[in-house]
Amino acid sequence: KAKVDTNGYFDITRPDGKIDPSGIVKGWAIKNAVARLRASGFKHYFVNAGGDIASEGKNVLGEHWSVGIENPFNRKEIVKIIFPRGKGVATSGSYIRGDHIYNPHTPKEIVRDIVSITIVGPEIFEADVYATAAFAMGRSGISFIESQSGFEGYMIATDGVATMTSHFSDFTQPL
């Protein structure tokens, strides 16, 4: 389903034909952790695995959970703070792990025009899939996210210019 929904940009089949689920492991693990938390009656939680996040409710101060988006050129700096309000947040990029995401339509070409894209989606598993697919699309990934119902995105290009979808700012203010 993910391959079809992302026009083939998210595909767990490697060019050599082998299955590689590494692109969905964090989202899948967080989704399952959240299911256990909910089944145990938790109404307030924040689960973070390598920057992919699921949260619900409020923190111990009674405030909405917030997530900072790192500046990929200076990781000590936060360029945007978002309030996911129960949505999944996933970031894909090359600035930490190097060139590990590729365009499956041209697998030998490295994505060079963007360095990160953060996606807010209905839940973490979908946000993770769409973040990876949108990154693989390069600069056109943000337009793809714009066209998807229930998803918003914030992309940072290699020249440092950030582009966001039309309703991403809905997540930059607490309720």
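Residues numbered from 1 in each chain as written. Predicted model: local features only at pLDDT ≥ 70, side-chain atom pairs only at ≥ 80, totals over all residues. Heavy atoms only, no water.

(A) Just the pairing of strand 6 (residues 114-121), in detail. Extensive coverage of strand 6 is indicated by the burial of eight of its eight residues. Relative to strand 6, strand 5 (residues 88-93) runs antiparallel, the two sharing six bridges. Residue pairing for strand 6: Ser-92 is matched across the bridge by Ile-117. Summarising the sheet, strand 6 and strand 7 (residues 152-157) pair through six bridges and their orientation is antiparallel. Opposite Ser-116, over in strand 7, you have Ile-156 as the bridge partner. (Buried < 20%, exposed > 50% of the residue type's maximum accessible area, 1.4 Å probe, protein only. Helix = DSSP H or I, 4+ residues; strand = E, 2+ residues; numbered from the N terminus. Pairing = 2+ DSSP bridges.)

(B) Highlighting the pattern of salt bridges. Counted according to the given criterion, the structure contains four salt bridges. Note that Asp-52 and Lys-26 form a salt bridge whose closest N and O atoms lie 3.8 Å from each other. Here Lys-26 lies in helix 2 (residues 25-39) and Asp-52 lies in strand 2 (residues 52-56), a separation of 26 residues in the sequence. The partner of Arg-75 in a salt bridge is Glu-70, with the nearest N and O atoms 3.1 Å apart. Taking relative accessible area as the criterion, Arg-75 reaches 45% and is therefore assigned partly exposed. (Salt bridge = Lys/Arg side-chain N within 4 Å of Asp/Glu carboxyl O.)

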